[in-house]
Amino acid sequence: MSNLYKVVFVLGPPGSGKGTQCALIQKNFGLVHLSAGDLLREEQESKSQYGQLIAEHIRNGTIVPVAITCALLENAMKASGDCAGFLIDGFPRNQDNLDGWQKNMADKVDVKFTLYLSCKVDVCVSRCLNRKQGRADDNEESLRKRIHTYNTQTYPIIEYYEKLGLVREVATCRDTDEVYTDIEKIFKEAGF
Ligand SMILES: Nc1ncnc2c1ncn2[C@@H]1O[C@H](COP(=O)(O)OP(=O)(O)OP(=O)(O)O)[C@@H](O)[C@H]1O
Ligand SMILES: O=c1ccn([C@@H]2O[C@H](COP(=O)(O)O)[C@@H](O)[C@H]2O)c(=O)[nH]1
Ligand SMILES: [Mg+2]
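Residue numbers here run from 1 along each chain, matching the order of that chain's written sequence. Each chain takes a letter, starting from A, and each ligand takes a number, starting from 1, following the order in which they are written. Local features are withheld for residues below a pLDDT of 70 in this predicted model, meaning they are given only at 70 or higher, and side-chain atom pairs are given and counted only at 80 or more; totals for whole chains, interfaces and linings count all residues. Where side-chain values are given, they derive from all heavy atoms of the structure, hydrogens and water being excluded.

Moving on: the nonpolar core. If you look at the biggest cluster of nonpolar residues, it comprises 31 residues, and the most contacted ones within it are Val7, Met77, Ile88, Phe91 and Trp101. Sort the elements by how many residues they give to this core and helix α4 (residues 66–79) lands first, with 7 residues. When residues no more than four places from it in sequence are discounted, the contact partners of Ile88 are Val7, Val8, Phe9, Val10, Leu34, Leu73, Met77 and Trp101. Grouped together as the second largest cluster of nonpolar side chains are 16 residues, Phe29, Leu87, Phe113 and Val170 included. Among buried residues, the Ala, Val, Leu, Ile, Met, Phe, Trp, Tyr and Cys ones that are joined through side-chain atoms within 4.5 Å form a nonpolar core. The buried label goes to any residue with under 20% of its type's maximum accessible area, the exposed label to any with over 50%, and the partly exposed label to all in between, with areas taken from a 1.4 Å probe on protein chains only. A run of H or I in DSSP counts as a helix once it spans at least four residues, and a run of E counts as a strand once it spans at least two, with each numbered from the N terminus. Contacts were defined at the residue level, with two residues in contact if any of their heavy atoms lie within 4.5 Å.

See the structure below:
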């Protein structure tokens, strides 16, 4: 029996439905959903020394240095207790994230695959603008920057995992239930 944490990364453009689908996977498969973006927002709100830096990155759609994000993820994993594994939503988002994760976490985790939620940009933007969760980055200017960061920095990380045969792609420009039906098959096939 391995003591390694089982991990599935969940990546895709802003508004592709990562949080929505992770909630369903968590409920049905017992994996714990850790959204890197949510952990950073909580850290910012906790009056941390990194609060201002995190707020600026979020507003500009740029990526927080990996030391901060990786520590938040590792702490959350340790605090979760026994579970079927972790859904790490919205990370690794660039090469710095990937390098820091490999350096600090590679010997503690078993990365099963990357779930890539693909969706057309106009649908993603419209979903974010209608999300009404009061996010500082759900506005047209921040969204332009987030999509640029996604295309130039995050998509290459998906390509990296693709070359390793570790990407499972699901198109999300469809009803939530239809998307989840495909995702459910993928998790069952992976033995969850
Ligand atoms: N399949 C879908 N059809 C219609 N609306 C959806 C679908 N999936 C998610 N949504 C809605 O789109 C918005 C964005 O979804 P969600 O927050 O899950 O995306 P996300 O990928 O986590 O975004 P971000 O990267 O910005 O955190 C939410 O309001 C959600 O209810
Ligand atoms: O690993 C990460 C994850 C997120 N960020 C920053 O947070 C925002 C919002 O992320 P969501 O996944 O959309 O909630 C993102 O645009 C980044 O600025 C990060 O730096 N590193
Ligand atoms: Mg999200």
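Having seen it, we continue.
Bringing the UniProt feature "binding site: CMP" (unreviewed entry) in the protein into the picture now. Mapped onto the present numbering, the UniProt feature "binding site: CMP" (unreviewed entry) falls on Asn97. Along the chain, Asn97 falls in helix α5 (residues 95–105). For Asn97, a relative accessible area of 2% translates into the label buried. Excluding anything up to four places from it in sequence, Asn97 contacts Ile63, Val64, Val66, Phe91 and Pro92. UniProt positions are given in the numbering used here, feature names are shortened, and annotations may be inferred rather than shown by experiment.

Attention now moves to the packing of aromatic side chains. Pairing of aromatic side chains requires ring centres within 6.5 Å, counting the rings of Phe and Tyr and the six-membered ring of Trp. Pairs whose planes differ by under 30 degrees are stacked, by over 60 edge-to-face, and all others tilted. All chains considered together, the criterion is met by 10 aromatic pairs. When the centroid spacing of 5.7 Å and the interplanar angle of 45° are considered together, the rings of Phe9 and Tyr161 count as tilted. One end of the pair, Phe9, is in strand β1 (residues 5–11); the other, Tyr161, is in helix α7 (residues 140–163), and 152 residues separate them in sequence. Of the two residues, Phe9 and Tyr161, both sit in the buried class. Centroid distance Phe113 to Phe187: 5.2 Å. Interplanar angle 65°. Geometry classified as edge-to-face. Here the residue Phe113 occupies a position in strand β4 (residues 109–118), and Phe187 occupies one in helix α8 (residues 176–189), the gap between them amounting to 74 residues. Each of the two residues, Phe113 as well as Phe187, counts as buried. One aromatic cluster is present, built from ring pairs that chain together Phe9, Phe91, Trp101, Tyr160 and Tyr161.

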